[in-house]
Amino acid sequence: MAPLVEMKNVSIAFGGVQAVDNVSISLNPGEVVGLLGHNGAGKSTLIKMLSGAYKMDSGEIWINGKKVQINSPRDARDNAIETIYQTLALADNLDAASNLFLGRELTNAMGFVDDDRMEAETRKIMARLNPNFKKLKEPVSALSGGQRQSVAIARAVYFNAKILIMDEPTAALGVHETAMVAELIQELKKQGLGIFLISHDTREMMELCDRVAVMKNGQMVGAERVEDVTEDDILSMIILGKNPKAAA
Amino acid sequence: MSDQTKIPPKRSFVQTLELDMRLLGMIAAFIIVAVAFNILTGGRFLTPRNIFNLTIQTASVGIMATGMVFVIVTRHIDLSVGAILAACSALMAMTQVRWLPEFLEIGHWAIPWIAIMVGVALGALIGAFNGWLIGYQGIPAFIVTLGGFLIWRNVGWYQTAGQTIGPLDQTFMTFGGINGTLGGPLSWALGLAAIAFVLFAIFKSRHTKATHGFSVKPMWAELTIAGIAVAAIAGFIGVLTNYAVPERVVARDPSRYGCDVAEGCNAVYGLPISVLLLIGIAAVMTVIARRTRFGRYIFATGGNPDAAELSGINTRMLTVKIFALMGALCAIAAVVASARLANHSNDLGTLDELRVIAAAVIGGTALSGGIGTIYGAILGALIMQSLQSGMAMVGVDAPLQNIVVGAVLVFAVFIDIQYRKRVGAK
Ligand SMILES: Nc1ncnc2c1ncn2[C@@H]1O[C@H](COP(=O)(O)OP(=O)(O)O)[C@@H](O)[C@H]1O
Ligand SMILES: [Mg+2]
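Procedures and definitions
- Residues numbered from 1 in each chain as written.
- Chains lettered and ligands numbered in written order.
- Predicted model: local features only at pLDDT ≥ 70, side-chain atom pairs only at ≥ 80, totals over all residues.
- Heavy atoms only, no water.
- UniProt positions renumbered as here; feature names shortened; annotations may be inferred.
- Helix = DSSP H or I, 4+ residues; strand = E, 2+ residues; numbered from the N terminus.
- Rg over C-alpha atoms; globule rule 2.2 N^0.38 Å.
- Buried < 20%, exposed > 50% of the residue type's maximum accessible area, 1.4 Å probe, protein only.
- Contact = heavy atoms within 4.5 Å.
- Areas by Shrake-Rupley, 256 points an atom, 1.4 Å probe, with all protein chains shown as cover.
- Lys, Arg positive; Asp, Glu negative; His and termini not counted.
- Charge placed at Lys NZ, Arg CZ, Asp CG, Glu CD.
- Salt bridge = Lys/Arg side-chain N within 4 Å of Asp/Glu carboxyl O.
- Nonpolar A, V, L, I, M, F, W, Y, C, P; charged D, E, K, R; others polar.
- Core = buried A, V, L, I, M, F, W, Y, C linked by side-chain atoms within 4.5 Å.
- Pairing = 2+ DSSP bridges.
- Axes fitted to C-alpha atoms, helices over the stretch in contact; angles between N-to-C directions.
- Near = heavy atom within 4 Å.
- Polar contact = N/O pair within 3.5 Å; in protein donor to acceptor, adjacent residues only side chain to side chain.
- Expected span 1.5 Å × (residues − 1).
- Parallel < 35°, antiparallel > 145°, perpendicular 65-115°, else oblique.

Named according to an unreviewed UniProt entry, chain A is D-xylose transport system ATP-binding protein originating from Yoonia ponticola. Quoted verbatim from the Subcellular location (unreviewed entry) field of UniProt, the annotation for chain A is "Cell membrane".

In structure tokens, the structure reads:
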């Protein structure tokens, strides 16, 4: 069976900076693939080409064995790709429901946005994801980091993503909320989603991921199954930019 | 869901009513201004006649201010609204006074409507062009519309060769204010319809919330709000229908007021069509802001342009639409402004860009984007107009009038910033 996602030889440059240089990576259903690397390695840029935020200079994206064009966030959504961005892509002045449905508002028979129905749906999904979430009427600027993160996650989950991209989803969270995100990742994985996860916490990645891929200076150092490597192997890949497995 | 079964924390009167504090503040400011001038003028400020005049003087700026809310909410500005108004007014005046009468006899029913359509099309086109330069070419709105400020009024000048064009069509002039009012019965009919609609809307919303299982306000709070709304509408209509048409005016054409002779006719002006237009536009713009995707995207883009873009919103096209709407509203304001004066002159709407921006900002629209209301902008326009008319009635020198209006603008924003700091909003 063809992988869920295959990015083949993708590259993108900003001015003189080759942010992503001829990278290939794949993702299977029910698999969590971790992306590791120093700041500026190109992780966010790589996944932004999949989420439609950036247009790649060259390369191909294949989904379920079909080549697709992803030129905008809309194209990505049409391919059931949902993204939780590193800098939370929320409109601070709007409430949780408006953010959750942003760009995909529920409307009534007359074509007007149906705030009451969106609020009801938001209550339902929040009851599942974060039962402590109560501030439905307030602008999300009034929420804590964890609550904001649940809005971003709810948005991805609600629309039945097949492919989920999470760019440092736990960076701004406390211990308890981080554990909740980890639990959620396990649950979504069971449901058969493919997940790209970016994080700096190598130990966390070893626990959550099936495979980890390491990037450095825009290039792919290597992707290995977590059973096959130690934490030290990964650290040396991150720092040295060489794959000890490939050398062996 | 535990939040509904828990005993709610004790809430203040205003919180229970779920009223907007900023709205209350503005209404309070307006009442203070009105009462102060009424005392200073020995009771001449709050007469039906003066209130009538205030409303028709506010209409043109108020109409444009509703569009400016959307512009400013998306972090842009439009300095060219007064100039667009002048260009549209010039085109509409030329169309109805010079060009159309060559094909249709003077006074033909179609003339004013063709003129208005042409004017609104021009306004929307200029606005769309501005929006394209801003959204697609990345030129800052400040620069594009500063250029427009210099360009469009003078394009209007070339259309009319700098002449004053008039008199305008009779029907067209009914949009100006005193020449087009609904009279007593029709004003009350509309007022009652508005009351019925408000009551229906309040209780429909309550019902919908209840069916979704959301907590609703206590019944007494709902009734209080409804009572205030009914009183406000009835009071407004009551005042306007107390402004009697002078007998010598009725004598010119008694049949127009439903009388045979002027004596004992007791005709009243009632709601001006221009004010009805403003109210209608405000209602439509409020629905756009709150209940349409277009409105939702305006506020989302203002709050976080990147988030809007990543959510699949075409923010460039959105900019074009917002400025096109602004331009169309300038044209409608041009109808009202030129009809009020019975002719087009090239200085029509001079400095309106500043009045319109000030109205929106006094009304709580934040230049940092994402925040603003239509009713706020109209209240802002009303407060500005009250200050200006009131000072003129009291006999304040023109230079001092400007100083006061300028100071009020800055002070209003200062208060707004303090308020937002206190409630912890952005
Ligand atoms: N929009 C952009 N414009 C210019 N340079 C960018 C842009 N986005 C990313 N880059 C550059 O691309 C490189 C990779 O960045 P990024 O993908 O954010 O790294 P990571 O997420 O791995 O920390 C960096 O050098 C960064 O400065
Ligand atoms: Mg990053």
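(A) Region of the structure containing the overall build of chain B. Scanning chain B for helices and strands turns up 18 helices and zero strands. Its C-alpha atoms give chain B a radius of gyration of 23 Å, within 12% of the compact-globule value 22 Å for 426 residues. Relative to its full complement of 426 residues, chain B shows a buried share of 48%. A sequence separation of at least 24 residues applies to 79% of the contacts in chain B between residues at least 6 apart. Total accessible area on chain B is roughly 20,100 Å²; 68% of this is exposed by carbon and sulfur atoms. Computed over 28 positive and 19 negative side-chain charges, the inter-centroid distance for chain B is 12 Å.

(B) Representation of the interface of chain B and chain A in the model. Contacts between the two partners involve 27 residues from chain B and, on the opposite side, 30 residues from chain A. For the interface between chain B and chain A, the tally reads three salt bridges. For the salt bridge of Asp115(A) with Arg296(B), the shortest nitrogen-to-oxygen distance reads 3.1 Å. Among the secondary structure elements, those contributing two or more residues to the side of chain B that touches chain A are helix H1 (2-5), helix H9 (183-211), helix H12 (273-291), helix H13 (293-303) and helix H14 (305-310) of chain B. If you tally residues by element for the side of chain B that touches chain A, the top one is H13(B), at six residues. In terms of residue class, the side of chain B that touches chain A is built from 10 nonpolar, 10 polar and seven charged.

(C) Structural detail: the nonpolar core. With 73 residues, the main nonpolar core has Met64(B), Met68(B) and Phe70(B) as its most contacted residues. A total of 13 residues in this core trace back to one element, the largest contributor, which is helix H15 (residues 315-341) of chain B.

(D) The sheet that holds strand S10 (residues 219-225) of chain A, seen in detail. All names here are of chain A. Here we have six strands laid out as an open sheet, ordered S6-S7-S8-S3-S9-S10, and mixed in their pairing. Of all strands in the sheet, those with a lone pairing partner are strand S6 (81-84) and S10, marking the two edges. Looking at each pair of strands side by side, their axes are set apart by 15° on average, direction ignored. Alignment of strand S3 (residues 32-36) against strand S9 (residues 211-216), held across four bridges, turns out to be parallel. The partner of glycine 34 across the bridge, within S9, is valine 212. Lying on the sheet, helix H6 (residues 175-190) is in contact with S3, strand S7 (163-167) and strand S8 (194-198); it crosses S8 at an angle near 155°.

(E) Representation of unusual backbone geometry within the structure. That bond from Gly166(B) to Pro167(B) is cis: its omega, -5°, falls within 30 degrees of zero. Considering the arrangement of structural elements, one finds Pro167(B) in the loop between helix H7 (141-160) and helix H8 (170-173). One non-glycine residue with positive phi stands out, namely Asn22(A), at about 55°. Structurally, Asn22(A) can be placed in strand S2 (residues 17-27). Under the relative-accessibility criterion, Asn22(A) is labelled partly exposed at 46%. One non-glycine residue with positive phi stands out, namely Asn64(A), at about 50°. With respect to the helices and strands, the residue Asn64(A) is situated in the loop between strand S4 (58-63) and strand S5 (66-68).

(F) The arrangement of the site of ligand 1 in detail. All names here are of chain A. What surrounds ligand 1 is the set Phe14, Val17, Ala19, His38, Asn39, Gly40, Ala41, Gly42, Lys43, Ser44, Thr45 and Tyr54. Contact between ligand 1 and alanine 41: an oxygen atom at 3.2 Å from a main-chain N or O atom of the residue. Take serine 44: an N or O atom from its side chain is 2.7 Å from an oxygen atom of ligand 1. For the shell around ligand 1, the elements supplying multiple residues, two or more each, are S2 and helix H1 (43-50). For the shell around ligand 1, the leading source of residues is H1, giving three residues. Taken together, the residues of the shell around ligand 1 break down into five nonpolar, six polar and one charged.

(G) Structural detail: the UniProt feature "domain: ABC transporter" (unreviewed entry) in chain A. UniProt tags residues 5-242 of chain A as "domain: ABC transporter" (unreviewed entry). The span residues 5-242 of chain A is 34% helical and 26% strand by assignment, and the distance between its end C-alpha atoms comes to 25 Å.

(H) The arrangement of the side chain of Asp169(B) in detail. Its location among the elements puts Asp169(B) in the loop between H7 and H8. Given the relative accessible area of 11%, Asp169(B) is considered buried.

(I) Structural detail: helix H5 (residues 145-158) of chain A. All names here are of chain A. Its 14 residues give H5 an end-to-end C-alpha distance of 20 Å, which sits within 8% of 20 Å, the value for a rise of 1.5 Å per residue. Counting buried residues along H5, 12 of its 14 residues qualify, which places the element largely inside the surrounding structure. By the burial criterion, the buried members of H5 are Gly146, Gln147, Arg148, Gln149, Ser150, Val151, Ala152, Ile153, Ala154, Arg155, Ala156 and Val157. Once H5 finishes, asparagine 160 follows within two positions and takes phi at roughly 55°, a positive value.

(J) Representation of the environment of Val151(A) within the structure. By secondary structure assignment, the location of Val151(A) is in helix H5. With residues up to four places along the chain from it excluded, the contact list for Val151(A) reads Leu90(A), Ala96(A), Asn99(A), Met126(A), Phe133(A) and Leu143(A).

(K) A look at the packing of helix H4 (residues 48-73) of chain B against H15(B). All names here are of chain B. Where H4 meets H15, the axes come as close as 9 Å, and the angle between the chain directions of the two elements is 175°. On the basis of their axis angle, the class for H4 and H15 is roughly antiparallel. Of the residues in H15, those in contact with Ile56, Gln57, Ala59, Ser60, Ile63, Met64, Thr66, Gly67, Met68, Phe70 and Val71 of H4 are Ile322, Phe323, Leu325, Met326, Leu329, Cys330, Ile332, Ala333, Val336, Ala337 and Arg340. When grouped by side-chain class, the residues that make up the contact of H4 with H15 number 17 nonpolar, four polar and one charged.

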